[in-house]
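What the coordinates show
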Amino acid sequence: MSEDRELVARAQAGDRQAFAELYEKYLEPVYRYVARRVGSREEAEDVAGEVFLRALKSLGSYKWQGLPFASWLFRIAHNLVVDRQRQQGRHPVVPLEEASEREGLGVEEQVALQLRLAELKQALSRLTEAQRQAILLRLVAGLSVEEAARAMGKTPGAIKALQHSGLEALRRHAASWDKP
Amino acid sequence: MKKKLEDCLNDCLERLAAGRSLEECLAAYPELAGELEPLLRQALPWLRGPSPSPQFRASLRQRLLEAWPAPRRRAWSVRAFLPFRRWAVALSLMLALLLGGVGTAWAASSSVPGDLLYPVKMASEKAKGAMTLTQRGKANLQVRLAGERVREMAALAERGQAQNLEKLQNRLEAHLEKVETSVLKEDVEARDKLRHRLEAEAARYLPRFQKALERLPAARQATPQAHWERAQRRFQRVKESLTDPPPPPPGPRLPPRWRTSPRGGFPSPSPTPTPDY
């Protein structure tokens, strides 16, 4: 956390390398977070790119007080995803076409993976917005409980409760999926 | 009990994210294993998410580098006071008038784009231009302002701020354009004095700009370096335009359309002759 703080201060003072380090650190979690919420790899790349461009544009006005950089970045990502979904008039989805997840798999395994991803997509849409956010920030983006709590404006205890209830909802949905 | 389950679940999720196996996690909480296992199995597919492609990673990095520099935080910047900018300028002008203009004008004279007092400096330069009546005075003022723009570019380069360099470059070129097209070129003595002034301004500020460049990290030199080279070329061009052209070489005179330009560039074609009807 203090490392981020130092990198942000250096980037704000004009150090391009410091911003490059923040980019390398957060590109993957931001991309994963976005990719699980939009419809395709292209959209995920569009939104993730926009997140970092906006972050760069607003870096001068960012202040550390009470909001760590990661939380600030995920708020930008969340707002962009919500805006895009509002424009397109559709609900959150999970992308199905992930080449990296299919590499090295046989045809049967690929079909099974497709089914599993379709199941995840459907399951995610059954969660409440808060549960979905907590699952995505904690499990997909890899934020700590404290970081996710700050990003969502909740307490760490609330995040633990949300990830528990979210996983419980996913389990119930999986059980109904397995029934003939 | 529920609270404990949430804490244990959270602990197991962190272990899984760190690469531990499901069995290891469950072994840590044998009394809750029955409840934890189905929840952790739901979490597993989420822990392995899609990754950005190397192509996307590289292209976004490039876009960010092109979008650099980020707006920097400044304790005293026009941007920070944007809603109050007009008021600030009006207040500064009033203060300048009330206090005889000396203090504020002096403070504004060393300001650069982005500083609070820079608009005061711009207003003051415009006022000086309006109050200068002779052609000689106007040309001298443009030379001095050209030097001032280079000084500001050097100051911005020293601060590592490249975002206003293009604007200053354009202003510099506008000043030099006015010098180049000055009617003083017709008066040999006045033209020579103007050239000496121009050389003095260039000799005073261009080396300072260059020194500022040398102190920058190599990765941040490209943009200011390009501006320095452009500024140097423009000064040189105007200086040449204020210098006597070399005497024409002996030999037969070429038709006008094949004469070389006085700056030694490509021959400039003469206008297409209009046919006689």
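In this text the structure is predicted, and so the values were computed from the model without any measurement.

1. Comments concerning the overall build of chain B
- When helices and strands are counted, chain B shows eleven helices and zero strands.
- Within the span of chain B, comprising 277 residues, buried residues form 39% of the whole.
- Summing over all exposed atoms, chain B offers an accessible surface of approximately 17,000 Å²; the carbon and sulfur share of this is 59%.

2. Some details on empty space enclosed by the protein
- In this structure the tally under the stated criterion is two cavities of 30 Å³ or more.
- One number sums up the size of the largest cavity: a volume of about 70 Å³.
- If you go around the largest cavity, the residues you meet are Arg16, Phe19, Ala20, Tyr23 and Leu56 of chain A together with Arg61, Leu64, Leu65 and Trp68 of chain B.
- Of all the secondary-structure elements, those providing two or more residues to the lining of the largest cavity are helix 2 (16–35) of chain A together with helix 4 (54–67) of chain B.
- For the lining of the largest cavity, the leading source of residues is helix 2 of chain A, giving four residues.
- Grouping the amino acids of the lining of the largest cavity by side-chain chemistry returns seven nonpolar, no polar and two charged.

3. Things to note about the interface of chain A and chain B
- If you look at the interface, chain A gives 50 residues, while chain B gives 37 residues.
- Across the interface of chain A and chain B, roughly 4,400 Å² is buried in total on both sides, 62% from carbon and sulfur atoms.
- Counting every contact that joins chain A to chain B gives five salt bridges.
- Between Glu24 of chain A and Arg57 of chain B there is a salt bridge whose closest N-O contact spans 3.2 Å.
- At the junction of chain A and chain B, the tally comes to ten residue pairs in polar contact (both at pLDDT 80 or more).
- Among the secondary structure elements, those contributing two or more residues to the side of chain A that touches chain B are helix 1 (2–12), helix 2, helix 3 (41–58), helix 5 (99–102), helix 6 (107–126), helix 7 (129–140) and helix 9 (156–178) of chain A.
- Classifying every residue of the side of chain A that touches chain B by side-chain character gives 25 nonpolar, eight polar and 17 charged.

4. A closer look at helix 3 (residues 33–47) of chain B
- Its 15 residues give helix 3 of chain B an end-to-end C-alpha distance of 20 Å, which sits within 8% of 21 Å, the value for a rise of 1.5 Å per residue.
- The set of residues buried in helix 3 of chain B consists of Ala33, Leu36, Leu39, Leu40, Gln42, Ala43, Trp46 and Leu47 of chain B.

5. Digging into the pattern of salt bridges
- Tallied over the full model, the rule gives 31 salt bridges over all chains.
- Two residues, Arg57 of chain B and Glu28 of chain A, come together in a salt bridge whose shortest N-O distance is 3.4 Å. Taken together, the residues Arg57 of chain B in helix 4 and Glu28 of chain A in helix 2 connect one chain to another.
- Among the ionic pairs, Glu43 of chain A bridges to Arg84 of chain A, the shortest N-O distance being 3.6 Å. One end of the pair, Glu43 of chain A, is in helix 3; the other, Arg84 of chain A, is in helix 4 (residues 69–88), and 41 residues separate them in sequence.
- With a relative accessible area of 12%, Glu43 of chain A lands in the buried category.

6. Looking at the confidence of the model for chain B
All names here are of chain B.
- In the predicted model, chain B carries a mean pLDDT of 76, and 71% of its residues have values of at least 70.
- No element of chain B has a lower mean pLDDT than helix 5 (residues 85–98), which averages 64, and none a higher one than helix 2 (residues 22–28), which averages 91.
- Taken as a whole, residues 254–277 scores under 50 in pLDDT and shows 14 contacts with residues more than four places along the chain or in a different chain.
- Note on the complex model: pTM 0.46, ipTM 0.73.

7. Let's talk about the packing of helix 2 of chain A against helix 3 of chain A
Residue and element names in this part refer to chain A.
- Running from amino to carboxyl end, helix 2 crosses helix 3 at an angle of 140°, the nearest separation of the two axes being 9 Å. The angle between helix 2 and helix 3 places the two elements in the oblique class. As helix 2 packs across helix 3, the resulting crossing turns out to be right-handed. Along its contact with helix 2, which presents Phe19, Tyr23, Tyr26, Leu27, Val30, Tyr31, Val34 and Ala35, the element helix 3 presents Arg41, Ala44, Glu45, Val47, Ala48, Val51, Phe52 and Leu56.
- Residue composition of the contact of helix 2 with helix 3, by class: 14 nonpolar, no polar and two charged.

8. Considering the nonpolar core
- Membership of the largest hydrophobic core comes to 77 residues, with the highest contact counts inside it found for Val34, Phe52, Phe69 and Leu167 of chain A together with Leu36 and Leu40 of chain B.
- Top contributing element to this core by residue count: helix 2 of chain A, with eleven residues.
- Each residue touching Leu40 of chain B, except ones within four places of it in the same chain, is listed here: Leu9, Cys12, Leu13, Leu16, Leu22, Cys25 and Leu26 of chain B.

9. What about the side chain of Glu6 of chain B?
- By secondary structure assignment, the location of Glu6 of chain B is in helix 1 (residues 2–17).
- Those residues within four positions of Glu6 of chain B in sequence are excluded, and the remaining contacts are Gly157, Lys160, Ala161 and His164 of chain A.

Conventions and cut-offs
The written sequence of each chain sets the order in which its residues are numbered from 1. The lettering of chains begins at A and the numbering of ligands begins at 1, in the order of writing. Per-residue local features of the predicted model are confined to residues with pLDDT of at least 70, and side-chain atom pairs are confined, for both listing and counting, to 80 or more; whole-chain, interface and lining totals are unaffected and use all residues. Note that water and hydrogens are dropped before the side-chain values are worked out from all heavy atoms of the structure. Secondary structure is summarised from DSSP: a helix means a run of H or I of at least four residues, a strand means a run of E of at least two, and numbering begins at the N terminus for each. Burial classes follow relative accessibility: with a 1.4 Å probe on protein chains only, a residue under 20% of its type's maximum area counts as buried, one over 50% as exposed, and anything between as partly exposed. Note on areas: Shrake-Rupley with a 1.4 Å probe; residue coverage comes only from the protein chains shown. Both cavities and pockets are sets of points on a 1 Å grid over the protein atoms alone; in a cavity a 1.4 Å probe fits but cannot get out, in a pocket the set is open with protein on both sides within 12 Å along at least five of seven lines, and lining residues sit with an atom within 4 Å of a point. Grid points are joined across faces, edges and corners, and a volume is the space filled by probe spheres set on the points. Any residue outside Ala, Val, Leu, Ile, Met, Phe, Trp, Tyr, Cys, Pro, Asp, Glu, Lys and Arg is labelled polar, Gly included; the first ten of those are nonpolar and the last four are charged. Note on definitions: a residue-residue contact is assigned when non-hydrogen atoms from the two residues lie within 4.5 Å. Once two parts are joined, some of their accessible surface, as seen by a 1.4 Å probe, is lost; buried area is that loss totalled over both. Each salt bridge in this description consists of a side-chain nitrogen of Lys or Arg and a carboxyl oxygen of Asp or Glu lying within 4 Å of one another. Nitrogen and oxygen atoms within 3.5 Å of one another constitute a polar contact, given that in protein one can donate a hydrogen and the other can accept it, and given that sequence-neighbouring residues count only through two side-chain atoms. To estimate how far a helix should extend, the number of its residues minus one is multiplied by 1.5 Å. Confidence of the prediction at every residue is given by pLDDT, a number between 0 and 100. To get an axis, fit a line to the C-alpha atoms, keeping to the stretch in contact for a helix; angles then go from 0 to 180 degrees between the N-to-C directions. Every angle not falling under 35 degrees, over 145, or within 65 to 115 is termed oblique; those three ranges are roughly parallel, roughly antiparallel and roughly perpendicular. Crossing handedness is read from the near helix: turned anticlockwise from the far helix by less than a right angle, it gives a left-handed crossing, and turned clockwise, a right-handed one. Here the nonpolar core consists of buried residues drawn from Ala, Val, Leu, Ile, Met, Phe, Trp, Tyr and Cys, with membership extended through side-chain atoms lying within 4.5 Å.

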